[in-house]
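Each chain, written out:
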Amino acid sequence: MSRTEEFQELRPLLFSIAYRILGSVGEAEDAVQETWLRYEATATEPRSVKAYLSTTVTRIAIDVLRSARVRREEYVGAWLPEPLLDDPYADPERAAELAESVSMAALLLLERLSPLERAAFVLREVFDFGFPEVAAAVGRSEAACRQLVSRARRHMAAGRPRFEADREEREKLASRFFEALREGDVDGLRGLLAADVSMVGDGGGKAPQLARAVTGAQNVARLLGSVFPRMARIEVTFEPHELNGQPGAIFYDRDGKVLHTLALDILDGRVQTIRTVINPEKLGHVGLVADAWAIHREVQAGRPS
């Protein structure tokens, strides 16, 4: 194969590695593109193209993450990963693990790790790279990488997200949730929420957002049941869509532009967590982005402009 063909064959893996390290679709795509430029420019032929490209994209992602962590510490409000519509990398034998590792809950846990711990954990635990390959990618000895992965495992295990294992049951509950939301059925919503459910929004100071997390079935049901009917009156719609391997939906304004995404964590027959991303800088890969402030003003006014 030509270099271009080799790279394109491995692109899904490279993106999936970078996204799990960075939690950003845009930054992951940039890391993959920079990897291609470096591969194209190198005069030598790597012994293993997969190892070379995986190492390159990992090192780029680590550098990006180190600078991104400062920005995230100064972020306005809650920070959530950019929503991922579809993971391009597939391995049928490890489908459940891959879906769990890309969930927003898992990505938020990964945020607690150092850049090296995060990269080593992703390569070893998610993509099953051997320790020699992990060591080459992160620039540390195999012994050091074993320690990095061990520490990362402990951190991840302490807060490991749990999801409904039965995909069909999860989708049924999500369907009932979105039906109740569409109808503004507060009682129906409340019956689908865990008692300690939490709803978190990410606007990044660039869009209207929740001032803080809303917790408790009654509070979350009342909020959802009152807000969406007002949004529907100004022709805001939504379409269910899997997000980060979990049930979710994409919301649109009357012109079909993306307003925000909403993702659900479901366990034991109840919605445990609801996460919405409305920051326009995190939605460009989903579609043309709506003016969330204009929608907010219309909702507050209670009538179309």
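For the structure itself, look to the data block above.
Values in this document were obtained by computation on a predicted structure and should not be read as measured data.

**Describing the environment of Gln147**
With respect to the helices and strands, the residue Gln147 is situated in helix H8 (residues 142-158). When its relative accessible area of 52% is taken as the criterion, Gln147 is described as exposed. Considering only alpha carbons, one finds Gln147 and Glu74, 73 residues apart in sequence, at a separation of 30 Å.

**A few points about the nonpolar core**
Within the largest apolar cluster, 49 residues are counted, with the highest numbers of intra-cluster contacts made by Ile17, Tyr19 and Phe127. Going through the elements one at a time, helix H1 (3-22), helix H2 (25-41), helix H3 (49-73), helix H5 (104-110), helix H6 (115-126), helix H7 (131-138) and H8 are the ones with two or more residues in this core. No other element matches the 10 residues that H1 contributes to this core. Excluding its chain neighbours within four sequence positions, the residues that come into contact with Ile17 are Ser54, Val57, Thr58, Val122, Leu123, Phe127 and Phe129.

**A few points about the sheet that holds strand E2 (residues 214-215)**
Here 6 strands make up an open sheet; going across it, the order is E2-E1-E6-E5-E4-E3 and the pairing mixed. Of all the strands in the sheet, just E2 and strand E3 (237-240) have a single pairing partner and so form its edges. Bridge count for strand E1 (residues 193-202) against strand E6 (residues 270-277) is 6 bridges, and the pairing is parallel. Looking at the pairing, Asp202 lines up with Val277 of E6. Those strands touched by helix H9 (residues 167-183) are E1, E3, strand E4 (248-252), strand E5 (258-267) and E6, and its axis lies near 135° from that of E5.

**A few points about the pattern of salt bridges**
Within this structure, the stated rule accounts for 20 salt bridges. Measuring nitrogen to oxygen at the nearest pair gives 3.2 Å for the salt bridge that ties Arg3 to Glu45. In this pair, Arg3 sits in helix H1 while Glu45 sits in the loop between H2 and H3, placing the two residues 42 residues apart along the sequence. One continuous salt-bridge network, built from bridges that share partners, spans Glu27, Arg71, Arg72, Glu111 and Arg118.

**Quick notes on unusual backbone geometry**
If you check the backbone angles, Asp128 has positive phi at about 60° while not being a glycine. One can find Asp128 in the loop between H6 and H7. Assessed through its relative accessible area of 53%, Asp128 is described here as exposed. Although it is not a glycine, Glu235 adopts a positive phi angle of roughly 70°. Look at Glu235 and you get partly exposed, because its relative accessible area is 47%.

**Regarding the environment of Val57**
One can find Val57 in helix H3. With a relative accessible area of 0%, Val57 lands in the buried category. Expressed as a C-alpha distance, the spacing of Val57 and Thr35, which sit 22 residues apart in the sequence, is 5.6 Å. Ignoring anything within four residues of it in the chain, the contact list for Val57 reads Leu14, Ile17, Ala18, Ala31, Val32 and Thr35.

**A closer look at the packing of H1 against H6**
Each pair of packed helices can be summarised by the angle the axes make with each other and by the distance between the axes. Orientation of H1 relative to H6, taken along the N-to-C sense of each, is 135°, at an axis distance of 9 Å. Of the possible angle classes, the one that applies to H1 and H6 is oblique. Here H1 and H6 pass one another in a crossing that is right-handed. Here H1 contributes Ile17, Arg20, Ile21 and Leu22 to the contact with H6, which in turn contributes Arg118, Ala119, Val122, Leu123 and Val126. Its residues assigned to classes, the contact of H1 with H6 comprises 7 nonpolar, no polar and 2 charged.

**Quick look at the pairing of E6**
Counting buried positions along E6 yields 6 of 8 residues, so the element is predominantly enclosed. Note that E5 and E6 share 7 bridges and pair antiparallel. In the strand pairing of E6, Ala263 is matched with Arg275. In textbook terms, the turn of a hairpin is the stretch between consecutive antiparallel strands, and for E5 and E6 this stretch comprises 2 residues, one of which, Asp268, has a positive phi near 55°.

**Let's talk about the side chain of Thr56**
By the element assignment, Thr56 lies in helix H3. Ignoring any residue separated from it by four or fewer positions in sequence, one finds Thr56 in contact with Thr35 and Arg38.

**Here we look at H8**
The end-to-end C-alpha distance of H8 is 24 Å, a good match for the 24 Å that 17 residues give at a rise of 1.5 Å each. Close packing links the buried residues of H8 with H5, H6 and H7.

**Things to note about the pairing of E4**
Buried residues dominate E4, accounting for 5 of its 5 residues. Side-chain alternation along E4 places Gly248, Ile250 and Tyr252 on one buried face and Ala249 and Phe251 on a second face that is also buried. As judged from the 4 bridges shared by E3 and E4, these two strands associate in the antiparallel manner. Bridge pairing in E4 links Thr237 to Tyr252. The pairing of E4 with E5 spans 5 bridges and is classified as antiparallel. Looking across to E5, one finds that Phe251 is bridged to His260.

The rules behind these values
- Numbering of residues begins from 1 in every chain and follows the order in which that chain's sequence is written.
- Residue-level local features of this predicted model are given only where pLDDT is at least 70; pairs of side-chain atoms are given and counted only at 80 or more, and the full residue set underlies all totals for whole chains, interfaces and linings.
- The basis for every side-chain value is the complete set of heavy atoms in the structure, and neither hydrogens nor water enter the calculation.
- For helices the rule is a DSSP run of H or I covering at least 4 residues; for strands it is a run of E covering at least 2, with both sets numbered from the N terminus onward.
- When accessible area is computed with a 1.4 Å probe and restricted to protein chains, residues below 20% of their type maximum are described as buried, those above 50% as exposed, and intermediate ones as partly exposed.
- Buried Ala, Val, Leu, Ile, Met, Phe, Trp, Tyr and Cys residues form a nonpolar core when they are joined through side-chain atoms within 4.5 Å.
- A contact between two residues is defined here by any heavy atoms of the two lying within 4.5 Å.
- The criterion for strand pairing is that DSSP finds at least two bridges linking the strands in question.
- The axes are straight lines fitted to the C-alpha atoms, using for helices just the contacting stretch, and the angles between their N-to-C directions are given from 0 to 180°.
- For this analysis, a salt bridge means a side-chain nitrogen from Lys or Arg found within 4 Å of a carboxyl oxygen belonging to Asp or Glu.
- Any angle that falls under 35 degrees is termed roughly parallel, while one over 145 is termed roughly antiparallel, one within 65 to 115 roughly perpendicular, and all others oblique.
- Two helices that cross are described as forming a left-handed crossing if the nearer one is turned anticlockwise from the farther one by less than a right angle, and a right-handed crossing if clockwise.
- Each residue gets one of three labels, nonpolar for Ala, Val, Leu, Ile, Met, Phe, Trp, Tyr, Cys and Pro, charged for Asp, Glu, Lys and Arg, and polar for the others, Gly among them.
- Expected span, for any helix, means 1.5 Å times one less than how many residues it has.

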